[in-house]
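Each chain, letter by letter, is given below.
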Amino acid sequence: MTSAAPHSRPQDHASSFGFRDVDDREKVRLVRGVFDSVASNYDLMNDLMSGGVHRLWKDAAAAKLNPRPGETILDVAGGTGDMARRYARMARRAQERRGGEDASVIVMDYNAEMVLAGLHKDEEKGTGEPEVSWSVGDAMNLPLPDASVDAYSISFGIRNVAHIDQALAEARRVLKPGGRFLCLEFSRPTTEVIRRAYDAWSFNAIPAIGGWVAKDRDSYQYLVESIRRFPDQAAFKAMIEAAGFRNVTVTNLSGGVAAIHFGWAI
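Because the structure is a prediction, the values reported are computed rather than measured.

1. Here's the deal with the packing of aromatic side chains
Tallying each qualifying case throughout the model produces seven aromatic pairs. Ring centres of Phe-262 and Trp-264 lie 5.5 Å apart, and the angle between their planes is 85°; this geometry places the pair in the edge-to-face category. Judged by relative accessible area, which is 27%, Trp-264 ranks as partly exposed. Clustering of aromatic rings is evident, with ring pairs tying together Trp-57, Phe-156 and Phe-186.

So, in structure tokens, the structure goes:
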């Protein structure tokens with residue numbers, strides 16, 4: 001659950017912040033506040049909230065993206081670098097098998113506190129990967145040239161932007177022809193049984209855990225609500241296609257609790 005707070009448009013437009021509707025500029029401030037608050041406990045909370053299953057989801061997403069030697073891979077809303085480290089390791093293993101240049105993996109997150117938490121994690125635990133670089137940037141106004149990256153990913157972050165369509169347009173802009181787009185995000189459970197169990201857990205347990213561990217119940221209440229406001233699998237797939245991506249596929253994880261949307265810039 002990472003931050004990708006939006007670049008405000010010239011005029012205010014309504015955006016969702018949990019179950020509330022706010023204008024763009026207000027969402028920028030509120031989302032930044034959420035991730036300033038959760039950054040120091042981000043990795044621990046992800047494990048507690050998902051029972052560690054988020055690691056399996058991320059492994060599946062990284063395998064789907066299939067990082068390759070010599071590629072430039074942009075991980076937007078990259079948080080503390082979980083996905084970027086996976087991409088770097090996978091690209092390096094492929095390089096050892098077939099040769100080629102080093103990959104370049106760019107972690108970009110709107111929230112500087114999240115980036116600092118990722119850098120601190122590397123320093124403290126020795127998890128740094130030489131292919132990974134870190135930057136602060138806006139998912140809706142990427143500081144990169146057109147057609148400059150081979151693959152784009154965003155994991156548990158796109159629901160935090162004010163306008164998903166603008167973030168998708170930016171993803172399409174920076175991808176090279178033939179580039180790959182991947183979004184890992186919470187989605188809609190595919191059965192009523194899973195949906196009821198998931199609602200009970202997320203609305204009751206997750207804010208309580210956030211209050212206990214991170215001393216911030218409100219931020220985790222927002223994160224749960226933001227999941228409910230996010231488009232379902234079919235609606236989000238249509239948005240990706242409207243942004244110009246082709247051959248878009250959806251892979252449900254854990255019965256649709258999360259989903260991988262994948263497409264091509266062709």
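2. Some remarks on the sheet that holds strand E8 (residues 246-253)
Strand order in the open sheet formed by seven strands is E5-E4-E3-E6-E7-E9-E8, and the pairing between neighbours is mixed. At either end of the open sheet lies a strand with only one pairing partner, and these are strand E5 (132-136) and E8. With strand direction ignored, the average angle separating the axes of adjacent strands in the sheet is 15°. Along the sheet, helix H3 (residues 53-65) contacts strand E3 (72-76), strand E6 (149-155), strand E7 (175-186), E8 and strand E9 (258-265); its crossing angle with E7, the most-contacted strand, is approximately 165°.

3. Notes on the packing of H3 against helix H4 (residues 82-98)
When two helices pack together, their arrangement is captured by the angle between the axes and the distance separating the axes. Where H3 contacts H4, the axes come no closer than 10 Å and their chain directions differ by 45°. Between H3 and H4, the angle falls in the class oblique. Here H3 runs over H4; the crossing is right-handed. Note on element contacts: H4 touches H3 through Asp-82, Met-83, Arg-86, Tyr-87 and Met-90, opposite His-54, Arg-55, Lys-58, Asp-59, Ala-61, Ala-62, Ala-63 and Leu-65. Grouping the amino acids of the contact of H3 with H4 by side-chain chemistry returns seven nonpolar, one polar and five charged.

4. Here's the deal with unusual backbone geometry
Its identity is not glycine, yet Ala-77 carries a phi of approximately 55°, on the positive side. Among the secondary structure elements, Ala-77 is positioned in the loop between E3 and H4. Owing to a relative accessible area of 3%, Ala-77 belongs among the buried residues under this scheme. A positive phi is found at Asn-247, a non-glycine position, where the angle reads about 50°. Of note, Asn-247 is situated in strand E8.

What counts and what doesn't
Residues numbered from 1 in each chain as written. Predicted model: local features only at pLDDT ≥ 70, side-chain atom pairs only at ≥ 80, totals over all residues. Heavy atoms only, no water. Phe/Tyr/Trp six-rings, centres within 6.5 Å; stacked < 30°, edge-to-face > 60°. Buried < 20%, exposed > 50% of the residue type's maximum accessible area, 1.4 Å probe, protein only. Pairing = 2+ DSSP bridges. Helix = DSSP H or I, 4+ residues; strand = E, 2+ residues; numbered from the N terminus. Axes fitted to C-alpha atoms, helices over the stretch in contact; angles between N-to-C directions. Contact = heavy atoms within 4.5 Å. Parallel < 35°, antiparallel > 145°, perpendicular 65-115°, else oblique. Left-handed = near helix turned anticlockwise from the far one by under 90°. Nonpolar A, V, L, I, M, F, W, Y, C, P; charged D, E, K, R; others polar.

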